[in-house]
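Structural characterization, general
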Amino acid sequence: MKELTELRSIVDKYGENPEYILEALHDIQSRYRHVPEPALDIIAERMKVKKSRVFSLVSFYKALSFEPQGEKNIRVCMGTACHLKGASQVKEEIEAVLDVAAGETTADGRYSLHEVNCVGACSMAPVVIIGDSYEGQATRDRVRTLLDNDGSEEESR
Amino acid sequence: MTRLHLKDFWRYSKQQMEKRNEQRVLVCGGPGCLARGSQAVYEALLDASGRVGGTGTVVEHAAHMVGCHGLCDQGPLVIIEPQGTFYTHVNPEMAPRIYHETLRGGRVVEDFLYSSGTGRRIARYADIPFYQRQQKIALRNVGAVDPEDINDYVALGGYRAAAKALEDLSPEDVIGWVKDSQLRGRGGAGFPTGRKWEVCAQAPGENRYVIANGDEGDPGAFMDRTIMEGDPHSLLEGMIIGAYAVGASEGFIYVREEYPLAVERLKGAIGQAESLGLLGDDILGIPGFCFNLSVRRGGGAFVCGEATALINSLEGRLGEPRGSYVVPAVRGYNQQPTALNNVETFCVVPEIINKGPAWFAAIGSEASRGTKTFSLVGRAVHIGLIEVPMGMSLREIIYDVGGGIEDGRTFKAVQTGGPSGGCLSAEYLDLPVDFDALEEAGSMMGSGGLIVMDETTCMVDVARYFLAFLRDESCGQCVPCREGLFQLTAIFDRIVSGEGQESDLAAVEELAVAMQEGSLCGLGQSASNPVLSTLRHFRGEYTAHIREKCCPAGVCRALTAYVIDVEKCRACGRCLEVCPAQCIAVSQGVYTIDREACTRCGACSAACPFAAISREGCVQ
Ligand SMILES: Cc1cc2nc3c(=O)[nH]c(=O)nc-3n(C[C@H](O)[C@H](O)[C@H](O)COP(=O)(O)O)c2cc1C
Ligand code: FES
């Protein structure tokens, strides 16, 4: 119930204009780390569009997802500069350590692994961003150590 | 703040500009320097100066986090104005010396200066070769202005162009000036901006709109981001002038969702401009000139950078292109005439108004006037953001500005134009970089990524990389693009895994042409460029993959092998420990790798303390 009220108030901020579907969905995504199903009905009703249209936007845009995202995002840059300097090997290592494929979330819901294209730090390629912290000149060894440490840090809290 | 009228504006502008010569400490807050910890450097500088809450110290007033200064590989950067002292690789521990010796003592700390290849220390950034060949128009304020303070922008002469246009020029005059400057759009296609605005101004419609395209989806490009984060007001000013010229009263900035800082800075800038009377109703007191501007976030789809897809996305629809027969200048947002331009295009306009169209048209080459920003990345010594006059040769850009190829390796290719651009070989190093020359050579300007490659880059892998990128980003509306990219990637996957056939290249070329001719929008029409340009300039590399099952650059995993150099190997056993596949055998002190079992992960090579393990491209 609380969720429904909260969803309504997020959507209400944007009024009836269907132009703002994407903005409303962005806000919902960042609040819940995914778009909960009831949001589709609320937006459809409020902005007077078909539910299928809202659904199609969520499935089209990479920033939106029906699946809940992890608590922490790990972003591996797959931009051109990073690709040239071995980004795919770094990505494979992370996939192996976390046992997920890019685009997925770990079973414990802790991490989501994303491929991104250029984070503007090409001079440090290849780049991995764990949460908010940038790791330049990333190597297999380095990301493994970082992820191991990150995991144990969380446990000790 | 009160909303200014024209007369007040000129007075306020003069006041701010007079304040400009004071000491300033600029800490680079561009994405590269931030990633290297420049925020901590900024805090350390404040601490070193004995940050006293409330009252503030010299540094507290003078220190600013600014946008990208360009020389990212030397970051974090700290610049002290007005001298232009340039400190590189700054860490928080260096802050006390910067404060005591430079800011208080007026002395330069030699150890912190930029060191050229020959070890010579250079004190002022203007004397560093990387900066000497550049000319900044679009980036004129980035790295100098505090992006969160409109007063600082005004102190650098900001909004004078908008005021001048509103005071002295009619909308037709503005369009005439932009036409005379011969400015061409910086978003990729190079369409003449003045002409676009004229079409938009004259097209029948009830409302008109201006839209800035800040979607910047090219992997490996960060020019527009740098402007939006580092100098948001110059974009606003360009859009105000554009709105005045075409008669728009509403505008949007469509920003890539991955740039939250740009969104925040732009929203902040819009708020400040509104409160000063530079946006909103009756701008600068001129009755009837109203312009409201808002920021919208994209959804993370490359194709939304395409003008008509962007407009669909803005309208709350799927970001699918409408087809190239729809001209937004005539029928754009809400079916109304819309001037949609790239961020950099808008940013150049105020300088054209300030300095005149002839000034701008005198820079650059015959058919491409002015300057262009590039993100210079890959294997160059200096990596970062640059702006050079059009027509400069690739050689000058890569060697004089970029400092050549890193680690003394040799140049192999440069990729321009983003995922649908092309790769040019060493023969083209003297090619002048402008819209037409690049296109004739089989590449394109695109939005300005310049990716330098050396002999460790495999051109087949590069082409495959861009194909896979575009395949994932194709919106899927039209068959040539959707299926063509799917099939091309499949063929390339075969080639890089050693299963390519002689007939593949003909199939690739046929598909490429079909996509060029039959696709709905620019994405599909140009998607085969990386393939065609690498085939044209590096055909031998393709045949090596197909016939000899060999990747000369040693990149394609299935065609390469890790080999242990027995001369260098000291039998320390590090590789045995790290190999996840346990494919390294030892017999009588000699280490060998089992090629069948090896997954080519590279762990052994990375771990070897004697650099005895390397990846070889042509081993049978
Ligand atoms: C697939 C595709 C992606 C594009 N991405 C961008 C982009 O990220 N930024 C941009 O300014 N233009 C992009 N464009 C070009 C736009 O369609 C449009 O031509 C441009 O924004 C117009 O502005 P200009 O005249 O100032 O260059 C893209 C085009 C295509 C076909
Ligand atoms: S390509 Fe990875 S940061 Fe630019």
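Residues numbered from 1 in each chain as written. Chains lettered and ligands numbered in written order. Predicted model: local features only at pLDDT ≥ 70, side-chain atom pairs only at ≥ 80, totals over all residues. Heavy atoms only, no water.

1. Thoughts on the site of ligand 1
All names here are of chain B.
- Gly187, Lys196, Asn341, Asn342 and Thr345 are the nearest of the 18 residues found near ligand 1.
- One of the side-chain nitrogen or oxygen atoms of Lys196 is found 2.9 Å away from an oxygen atom of ligand 1.
- Note that an oxygen atom of ligand 1 is positioned 3.4 Å from one of the backbone N or O atoms of Gly217.
- Alone, ligand 1 offers 610 Å² of accessible surface; in the complex the protein occludes 87% of this.
- Counting only elements with at least two residues in the shell around ligand 1, the list comes to β10 (338-342) and α22 (522-526).
- Of all the elements, β10 adds the most residues to the shell around ligand 1, at three residues.
- In the shell around ligand 1, the residues fall into four nonpolar, nine polar and five charged. (Near = heavy atom within 4 Å. Polar contact = N/O pair within 3.5 Å; in protein donor to acceptor, adjacent residues only side chain to side chain. Areas by Shrake-Rupley, 256 points an atom, 1.4 Å probe, with all protein chains shown as cover. Helix = DSSP H or I, 4+ residues; strand = E, 2+ residues; numbered from the N terminus. Nonpolar A, V, L, I, M, F, W, Y, C, P; charged D, E, K, R; others polar.)

2. Some details on the sheet that holds strand β7 (residues 209-214) of chain B
All names here are of chain B.
- Taking strand neighbours across the sheet as the criterion, the four strands line up as β9-β8-β7-β10 in an open arrangement whose pairing is parallel. Where the open sheet ends on each side, the last strands, each with one partner, are β9 (292-297) and β10. Within the sheet, the average angular offset between the axes of one strand and its neighbour, ignoring direction, is 20 degrees.
- The pairing of β7 with β10 spans five bridges and is classified as parallel. Counted as the bridge partner of Tyr209 is Thr338 from β10.
- Along the sheet, helix α15 (residues 343-355) makes contact with β7 and β10, crossing β10 at roughly 95 degrees. (Pairing = 2+ DSSP bridges. Axes fitted to C-alpha atoms, helices over the stretch in contact; angles between N-to-C directions. Contact = heavy atoms within 4.5 Å.)

3. Quick word on unusual backbone geometry
All names here are of chain B.
- Put simply, Gly75 and Pro76 share a cis peptide bond, and its omega is -10 degrees.
- Residue placement: Pro76 occurs in the loop between β2 (63-66) and β3 (78-81).
- Cis geometry marks the peptide bond from Glu81 to Pro82; its omega dihedral reads 10 degrees.
- The topology assignment puts Pro82 in the loop between β3 and β4 (85-87).
- Even without being glycine, Glu216 reaches a positive phi, approximately 25 degrees.
- Within the fold, Glu216 resides in the loop between β7 and α11 (223-230).
- The exposure class of Glu216 is buried, given its relative accessible area of 7%.
- The residue Gln335 is not glycine, and still its phi comes out positive at about 65 degrees. (Buried < 20%, exposed > 50% of the residue type's maximum accessible area, 1.4 Å probe, protein only.)

4. So, the domain arrangement of chain A
- Domain assignment breaks chain A into domain 1 (2-60) and domain 2 (72-148).
- Summarising the inter-unit geometry, the C-alpha centres of domain 1 of chain A and domain 2 of chain A are found 30 Å apart. (Domains from an automatic or database assignment.)

5. Describing the pairing of β2 of chain B
Residues and elements named next belong to chain B.
- Alternating positions in β2 separate into two faces, Ala63 and Met65 on one and His64 and Val66 on the other, with burial throughout.
- Note that strand β1 (residues 24-28) and β2 share four bridges and pair parallel. Note on β2: the bridge partner recorded for Val25 is Ala63.

6. Describing the side chain of Thr373 of chain B
Residue and element names in this part refer to chain B.
- Structurally, the position occupied by Thr373 is in strand β13 (residues 371-378).
- Polar contacts involving the side chain of Thr373 include one to the side chain of Lys372, which spans 3.5 Å.
- Once residues lying within four places of it in the same chain are set aside, the contact partners of Thr373 are Ala138, Leu139, Met223, Glu344, Ile386, Glu387, Ser447 and Gly448.

7. Topic: the interface of chain A and chain B
- Listed per partner, the contact involves 35 residues of chain A and 51 residues of chain B.
- Summing both partners gives a buried area of about 3,600 Å² for chain A against chain B, and 50% of it is carried by carbon and sulfur.
- Per-residue buried area on chain A facing chain B is highest for Glu19, Thr80 and Leu84 of chain A; these three make up 18% of the total on that side.
- Connecting chain A to chain B are six salt bridges.
- In this structure, Arg297 of chain B engages Glu23 of chain A in a salt bridge whose closest nitrogen and oxygen atoms are separated by 2.8 Å.
- Of all elements in the fold, only α2 (21-32), α4 (51-60), α5 (80-84) and α6 (87-98) of chain A reach the threshold of two or more residues within the side of chain A that touches chain B.
- With five residues, α2 of chain A is the single largest residue contributor to the side of chain A that touches chain B. (Buried area = accessible area lost by both parts, 1.4 Å probe. Salt bridge = Lys/Arg side-chain N within 4 Å of Asp/Glu carboxyl O.)

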